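# Observations on the model geometry
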Amino acid sequence: MPDMSAHQALTHLVPLAKELDENKVTPGVLGFIVFAVMALAVWALMKSMNRHMNRVDFEEAPESPSAASAKPAAQE
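Residue indices begin from 1 for each chain and proceed along its sequence in written order. In keeping with the predicted nature of the model, local features appear solely for residues at pLDDT of at least 70, side-chain atom pairs appear and are counted solely at 80 or more, and the whole-chain, interface and lining totals rest on all residues. The side-chain figures draw on all heavy atoms in the structure; neither hydrogens nor water molecules are used.

### Here's the deal with the overall build of the protein
Tallying secondary structure elements over the protein gives three helices and zero strands in all. Comment: elements are numbered from the N terminus, with helices defined as DSSP H or I runs of at least four residues and strands as E runs of at least two. Secondary structure elements in the protein, listed N-terminal to C-terminal, are α-α-α. Per-residue burial over the protein gives 0% buried out of 76 residues. Surface exposure of the protein reaches about 7,700 Å², of which carbon and sulfur atoms provide 67%. Working definition: with a 1.4 Å probe on protein chains only, accessible area under 20% of the residue-type maximum means buried, over 50% means exposed, and in between means partly exposed. Methods summary: accessible areas were calculated by the Shrake-Rupley approach with a probe of 1.4 Å, and residue burial reflects only the protein chains presented.

Given below as structure tokens:
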């Protein structure tokens, strides 16, 4: 019996599909849902990256005097 109802549903939807303009392509609801999920994923990744970058405590080591004197000689 379920096969019969599926067949009836398809016979009712096929004429509706023929009424659509075949030259007009739209993403539809599924395209919007996929785009929205991707946008939320990017937003979550950016928020996570920002949180991780704020936890980084980077202090640059001071230059040694020998390295500082070697740089001007190399530039000449």
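### So, a nonpolar patch on the surface
Residues forming no salt bridge and having over 30% relative accessible area are the ones grouped into patches, like charges within 9 Å of each other and nonpolar side chains (Val, Leu, Ile, Met, Phe, Trp, Tyr) within 5 Å. Each reported salt bridge corresponds to a side-chain nitrogen of Lys or Arg within 4 Å of a carboxyl oxygen of Asp or Glu. On the surface, a nonpolar cluster with roughly 680 Å² of combined accessible area is contributed by V42, M46, M49, M53, V56 and F58. For M53, the location among the structural elements is in helix α2 (residues 28-55).

### Observations regarding the confidence of the model for the protein
Scored between 0 and 100, pLDDT is the confidence that the predictor attaches to each residue. Residue-level pLDDT values for the protein average 78, and 59% of them are 70 or greater. Looking across the protein, the model is least confident in helix α3 (residues 65-75), with a mean pLDDT of 59, and most confident in α2, with 95.

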